[in-house]
Amino acid sequence: MAEKDGRDLSVTSRLTRKELLSLYRQMQLIRRFEEKTAEMYQRGRIAGFCHLYIGEEAVAVGLEHVLTNKDYVIDAYRDHGYAIARGMDPKQVMAELYGRSDGVARGRGGSMHMYSRELKFFGGDAIVGGQIAVSTGLGFAVKYRQEDAVVVCAFGDGAVNEGTFHEGLNLASLWNLPIVFICENNEFGMGTAVSRASSFVDLSKRALGYNMRIDKVNGMDVLAVIEVIDRAVRYVKSEQRPTFIEARTYRFRGHSMSDPQRYRTREDVATWRERDPIKRLQQRMIDAGQAAEEDFKAIRSEIEQQVKDIVAFAEDSPKPPLDRLTEFAFADYKAPDQ
Amino acid sequence: MAEKDGRDLSVTSRLTRKELLSLYRQMQLIRRFEEKTAEMYQRGRIAGFCHLYIGEEAVAVGLEHVLTNKDYVIDAYRDHGYAIARGMDPKQVMAELYGRSDGVARGRGGSMHMYSRELKFFGGDAIVGGQIAVSTGLGFAVKYRQEDAVVVCAFGDGAVNEGTFHEGLNLASLWNLPIVFICENNEFGMGTAVSRASSFVDLSKRALGYNMRIDKVNGMDVLAVIEVIDRAVRYVKSEQRPTFIEARTYRFRGHSMSDPQRYRTREDVATWRERDPIKRLQQRMIDAGQAAEEDFKAIRSEIEQQVKDIVAFAEDSPKPPLDRLTEFAFADYKAPDQ
Amino acid sequence: MQKISMREALNQALREEMRRDMRIFIAGEDVGEYQGSFKVTQGLLEEFGQQRVLDTPISEQVIAGLGVGSAMAGLRPCIEFMTVNFMMLAMDQLVNHASKWRYMSGNILPVPAVFRAPGGGGQQLGAQHSQSLETWFVHAPGLFVMMPSTPYDAKGLLKTALRMEDPVIFLEHEGLYSLEGEVPEEEYLLPVGVGDIKRPGADVTIVSYSRMLHVSLEAARKLEGQGVDCEVIDLRCLKPMDTELVLKSVVKTGRLVCVEECWRTCGVMAEVAAQIQEFGMDYLDAPIRRVSGREVPMPYNKELEQACIPSAEQVIEAVNLTLGRKAAD
Amino acid sequence: MQKISMREALNQALREEMRRDMRIFIAGEDVGEYQGSFKVTQGLLEEFGQQRVLDTPISEQVIAGLGVGSAMAGLRPCIEFMTVNFMMLAMDQLVNHASKWRYMSGNILPVPAVFRAPGGGGQQLGAQHSQSLETWFVHAPGLFVMMPSTPYDAKGLLKTALRMEDPVIFLEHEGLYSLEGEVPEEEYLLPVGVGDIKRPGADVTIVSYSRMLHVSLEAARKLEGQGVDCEVIDLRCLKPMDTELVLKSVVKTGRLVCVEECWRTCGVMAEVAAQIQEFGMDYLDAPIRRVSGREVPMPYNKELEQACIPSAEQVIEAVNLTLGRKAAD
Ligand SMILES: Cc1ncc(C[n+]2csc(CCOP(=O)(O)OP(=O)(O)O)c2C)c(N)n1
Ligand SMILES: Cc1ncc(C[n+]2csc(CCOP(=O)(O)OP(=O)(O)O)c2C)c(N)n1
Ligand SMILES: [Mg+2]
Ligand SMILES: [Mg+2]
């Protein structure tokens, strides 16, 4: 097992001020994007299930700092943050939430279904654990074509109990697929605490049965995430073996938009809010004299404008025309001879 | 982990000559039953898939030596040996293979589907790993009714790679279900060697992720099986926790009746035949002066007669009447009001 | 009579049966502490305790297997799938196991288990969360399938289901949980496989079930204004299916429109149409028409989604077609 | 022309397409070293190597997921399930994933994967191993479903399937692998969704597919002796389904008998019957009859099993019924 998170700072200690501010910017953008999403959901502009990434931003942002556009990413339904961190246009992500033609899935997908072929972002899977099975196919393709790339497959603590987790990790290990499995342990699968769903509370132990390298990281610390992912990606590429990482994190909001959250206390949430990954990075930079409060303020106000533009874009985007309802069901095949 | 198999002989050292001979008798009965089954299959009296237990007899017989009729057993499709060891009438098992009315499932089930309600034998599941999911329900019922019993769930090395294995072991551990999971590792799932299907070749390691007691046993030594199962059953009852056991064994015949067996050599099979569990027990008793060749010969000739009677019974059993084809599809409900 | 919601009716059914029969327990994802993702199991953990109301991990195969095994061992499991969409993960336990064990064992191991799940579309939940999969279960022998449209039917059928000796797939519609209706204070059960005439009429028969029953009733009300008197039949149970009742009605009306939310091809109404033309062709004055869910994965966008789900307008159009009041589309 | 078995025809299709397109690979349980449990992949490991012919663990969900993911990433997986019965374990990957991804992603992530499986009854394999599950796939939008009855069709359709841009469920019948038939030496493809008249006739239309096509032909031969001239149509593709061809035939014959091995309720032929009565009622001189698999879990006993599978006698009886030559049963 690799060293504990944050101990080895060989990668992040070399990050420039600009790079650090960029991490801040991305996390803050996701945060504000999600807050805006919640607001527009309350106002009835967005509907369906909608799972916010607030509190967990360091995982996707740290991850994407390491990945390149050669790499592949697949995720569950809590995917807005992943899509934005991957580099997808937040306007198009918002337009998808609005169900509009300019949405990444042209309004067909919705909150749980963000995709980009160019950016190799494969979703957005609303079936818990489904993407783990799919990720083996991505990993196989990378290996088959001998690409210099890794596949990252992210899922929640709840997904660890699905059969797909087991079948997927076994196959990945057996076939030496270049996959980084990341379990975002945010302590709950909907209203069920990890201790009430998993035979080990320490989820990294759930991967013991696959002859696979295991690592853990504090998912509230973007620099720790970068270190651990960097090591993971280098390991996967050099050894041509998959790896499993447990990221400890927390969602500050409910599971989706209508969650009374009786399964946890306000104090629990408050405790975790103190570990806010955005504040943490800010404080760290201030303490190290790398930036001042003004710098962050400036970024935040830029983002305010950006988020306004994002919403305006979605508001203006046309609805998909009704007469194109069945388009995309299939490729265009010649109609059967009559 | 418990001690290695065969080391602690606290239980089997107390076995009487009579008990030991009874173990021999049961293994030999299963062996001859299966050989007869193969013969009658070749003669077209039995059809469909037919998986013989030859070579693996020590596992079911050792197991059943420890279990009582309070306990529950569920197994896969290689189930003739389990059914007989459980105490089911071999005549009715054979009649089932013949598809006759006196069969344990009245000719509806066939080779892969032996059952007995009285003896709490739940099958007989032809879906690899399916019985692992079902066994959690048996375990739950035992616990719910606070019975002084365990559930034994047996499956092959191939089943370890199914999602049901993962979901089942996690739930059993999480809910403290009284289940003994036995993996009969006979080195192959059909034509696929364990090393080509599992990320750990040591299958006991595949259970590491469930916070569960793990044990191993030489499944070719009936006494070792008894020791290990005895410990397991006592553990499950006293701790109210499940346990996992890997039994190393080998099938001397093909996977089912039409298997060219290109995936292994004659030498491999010959090596394992030297470890024949029946011969092993016989030799051990002879070496210990507990019995002579004559004793075994007498038993074998009794069994010859018994097997003849078994076949005669099946041959004479009537075929299920055609007009009762849809019987048993449902309980008898009142027809809808007209 | 009390006027209660479908949600409450189901809750009462569970509560009453659990009081009656200690063998019944409930298990599923978030059915306990969270009170059920659609709150059908609200308060049951409190009343019956952790031993009888169990939150499971997200492990659909083993949730189903828990039902199969415990039922074979003599309990009466009532398993909740968070939605029908996830039953896909459990098809093997439901169809290779639950539906077959009684027969395959020559009648010695029945599986008296109820598998409940909410489903259907209309909430903009996207393609993986808006399905109506009843057809798959109806197709498989050995399963009973119930799909009620009113609080009264829901309570009576669920209570019946929990007393049956065979596996029952009990499907609820997410869009109906808040629907209110009259339910007797005193105990009652409903028979298995018996449809119900929800609105008598003379001109055209409309057959439906679950949420589409209400769409059919809406269409019937509107058609009344146009002088068309529709008889609206609720199948309630899909297996066994009371096509006798439909046939009787068709003998009277000579016209049949079938309304379902599920996909058309090989859907529930394909069976109704196939049977009615076989046994009632002489009585039919027009071809049987089906109004079904559009055959695409459900789109998220609201207007697109609504266009996929049968509407009263579509039902009216189909009725008019069978009456020859407009040209075929 | 060569005369080869269905098994060999399928093997040729795989071989030719794999030579043509490096993106194609084969994966499944025992497809490589064991040469396939029904020997369809015989010799392919030898020719194409371990990189392109892969034995998998017994993990149906991930076998299907491997197909979905690699197809989205640009490969052309040809996944073999050991039998269709085990596809139940993969329904979520096939229907919640493969069938939906193109649409759900607004057309950016198609899933060009072929999922093959043998199936059907008649070998005394018992209830869990004798099923015909095509209906489930036909019901789900986003999937193509092929189910050929001859070596010629099998080869042409499988080659086509491997060149398509969408997921194809390709179902083979265990009872047909050894069936021989003429197959051209030169390359050919078959169009998608086009049925085939396997025997022209004037009096009654019999529609079928897969092994039941041969039972239908046998019935037609026998009926010829009784002076009845049957047209026998092979659907070949079940989705899209060439009901146009059936309708055209019914316009001519006025009578239709549908023959399927799967369970009747909501089966493939329920759809055919529902469509033909809708669009062809005016041409029908008698109700459409279905001959289907009996609705029980398949029994092991040979006579019971045979009684569950449609026979030529049953088809003849149904044809006679539509001709009014005997009273309805
Ligand atoms: C197969 C399946 N079962 C159940 C659900 C319903 N469901 C949606 S999210 C969720 C909780 C998942 O928790 P986790 O994996 O921890 O992810 P998180 O939401 O915490 O990010 C559940 C049970 C589903 N979508 N898919
Ligand atoms: C779900 C499922 N997949 C595939 C099969 C086909 N199959 C039958 S037995 C078998 C091999 C199982 O091997 P193992 O679990 O080691 O048991 P063994 O036969 O060695 O006793 C396979 C793949 C099946 N019956 N069920
Ligand atoms: Mg979680
Ligand atoms: Mg094995």
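Residues numbered from 1 in each chain as written. Chains lettered and ligands numbered in written order. Predicted model: local features only at pLDDT ≥ 70, side-chain atom pairs only at ≥ 80, totals over all residues. Heavy atoms only, no water.

**Focus on the coordination of the magnesium ion (ligand 4)**
Residue and element names in this part refer to chain B.
Next, step 1: Bound to the magnesium ion (ligand 4) are the protein donor atoms Asp157 (OD), Asn186 (OD1) and Phe188 (O), situated 2.0 to 2.1 Å from the metal.
Next, step 2: Every donor residue of the magnesium ion (ligand 4) comes from the same chain, spaced as D-x28-N-x1-F. With a gap of 29 residues between them, Asp157 in the loop between strand 3 (151-156) and helix 6 (163-174) and Asn186 in the loop between strand 4 (179-185) and strand 5 (188-189) connect regions that are remote in the sequence.
Next, step 3: The buried category is assigned to Asn186, whose relative accessible area is 5%. (Donors = N, O, S within 2.8 Å, 3.2 Å for Na, K, Ca; no water. Helix = DSSP H or I, 4+ residues; strand = E, 2+ residues; numbered from the N terminus. Buried < 20%, exposed > 50% of the residue type's maximum accessible area, 1.4 Å probe, protein only.)

**Quick notes on the relation of the copies chain C and chain D**
Put simply, the second copy of the chain is the first one after a rotation about an axis and a shift along it.
Next, step 1: When chain C is fitted to chain D, the best match, at an RMSD of 0.0 Å, comes from turning it 180° and sliding it 0.0 Å along the axis. Both copies of the chain, as the preceding transformation shows, are related through a two-fold rotation axis.
Next, step 2: An overlap of 100% is found between the interface residues of chain C and their copies at the interface of chain D, pointing to a shared contact surface. (Least-squares fit on C-alpha atoms with pLDDT ≥ 70 in both. Contact = heavy atoms within 4.5 Å.)

**Structural notes on the sheet that holds strand 12 (residues 237-239) of chain C**
Residues and elements named next belong to chain C.
Next, step 1: Judged by pairing direction, the sheet is mixed, and its seven strands sit side by side in the order 3-2-4-5-7-6-12 without closing on themselves. Each edge of the sheet is formed by a strand with only one pairing partner; in this case those strands are strand 3 (53-55) and strand 12. The sheet shows a mean angle of 20° between the axes of neighbouring strands, direction not considered.
Next, step 2: Here strand 2 (residues 24-28) runs beside strand 4 (residues 76-80); their pairing, made up of five bridges, is parallel. Of the residues in strand 4, the one forming a bridge with Phe25 is Pro77.
Next, step 3: Helix 7 (residues 151-161) rests against strand 5 (114-119), strand 6 (144-146), strand 7 (168-173) and strand 12 of the sheet, and its axis sits at about 160° to strand 7. (Pairing = 2+ DSSP bridges. Axes fitted to C-alpha atoms, helices over the stretch in contact; angles between N-to-C directions.)

**Describing the packing of aromatic side chains**
Next, step 1: If you walk through the whole model with that rule in mind, you get 41 aromatic pairs over all chains.
Next, step 2: Residues Phe155 of chain B and Phe181 of chain B carry aromatic rings whose centres are separated by 6.5 Å and whose planes lie at 55° to one another, so their mutual orientation is tilted. One end of the pair, Phe155 of chain B, is in strand 3; the other, Phe181 of chain B, is in strand 4, with 26 residues separating them in the sequence.
Next, step 3: Ring plane angle 85° and centroid distance 6.0 Å describe the contact between Phe165 of chain B and Tyr210 of chain B, whose orientation is recorded as edge-to-face. In this pair, Phe165 of chain B is assigned in helix 6 and Tyr210 of chain B in the loop between strand 6 (192-193) and strand 7 (213-218), connecting sequence segments 45 residues apart.
Next, step 4: What makes Phe165 of chain B buried here is its relative accessible area of 0%.
Next, step 5: Looking at Tyr210 of chain B, the relative accessible area reads 1%, which means it is buried.
Next, step 6: Taken together, the ring pairs connect Phe155, Phe165, Phe181, Tyr210 and Phe244 of chain A into an aromatic cluster.
Next, step 7: The aromatic ring of Trp272 of chain A is capped on one face by Arg275 of chain A, whose charged end is 4.4 Å from the ring centroid.
Next, step 8: A cation over a ring is seen here: Arg213 of chain B above Tyr235 of chain B, with NZ or CZ 4.9 Å from the ring centre. (Phe/Tyr/Trp six-rings, centres within 6.5 Å; stacked < 30°, edge-to-face > 60°. Lys NZ or Arg CZ within 6 Å of the ring centre and 35° of its normal.)

**Comments concerning the site of ligand 2**
Next, step 1: Near ligand 2 you find 22 residues, and of these Tyr77, Arg78, Ala126 and Asn186 of chain B together with Glu60 of chain D are the closest.
Next, step 2: One nitrogen or oxygen atom from the main chain of Ala126 of chain B is found 2.9 Å from a nitrogen atom belonging to ligand 2.
Next, step 3: In this structure, an oxygen atom belonging to ligand 2 sits 2.8 Å away from a side-chain N or O atom of Asn186 of chain B.
Next, step 4: The fraction of the free accessible surface of ligand 2 (590 Å²) that becomes covered by protein chains is 95%.
Next, step 5: Classifying every residue of the shell around ligand 2 gives eleven nonpolar, six polar and five charged. (Near = heavy atom within 4 Å. Polar contact = N/O pair within 3.5 Å; in protein donor to acceptor, adjacent residues only side chain to side chain. Areas by Shrake-Rupley, 256 points an atom, 1.4 Å probe, with all protein chains shown as cover. Nonpolar A, V, L, I, M, F, W, Y, C, P; charged D, E, K, R; others polar.)

**Details of the coordination of the magnesium ion (ligand 3)**
Next, step 1: Only Asp157 of chain A (OD), Asn186 of chain A (OD1) and Phe188 of chain A (O) from the protein reach the magnesium ion (ligand 3) as donors, at distances of 2.0 to 2.1 Å.
Next, step 2: One chain supplies every donor to the magnesium ion (ligand 3), and in sequence these donors are spaced D-x28-N-x1-F.

**Describing the site of ligand 1**
Next, step 1: The immediate surroundings of ligand 1 are formed by 22 residues, with Tyr77, Arg78, Ala126 and Asn186 of chain A together with Glu60 of chain C found nearest.
Next, step 2: Mapping the residues adjacent to ligand 1 onto the chains of the assembly identifies chains A and C.
Next, step 3: Between His255 of chain A and ligand 1, the recorded distance is 3.4 Å, taken from a side-chain N or O atom to an oxygen atom.
Next, step 4: For ligand 1, whose accessible area on its own is 580 Å², the fraction buried by protein is 95%.

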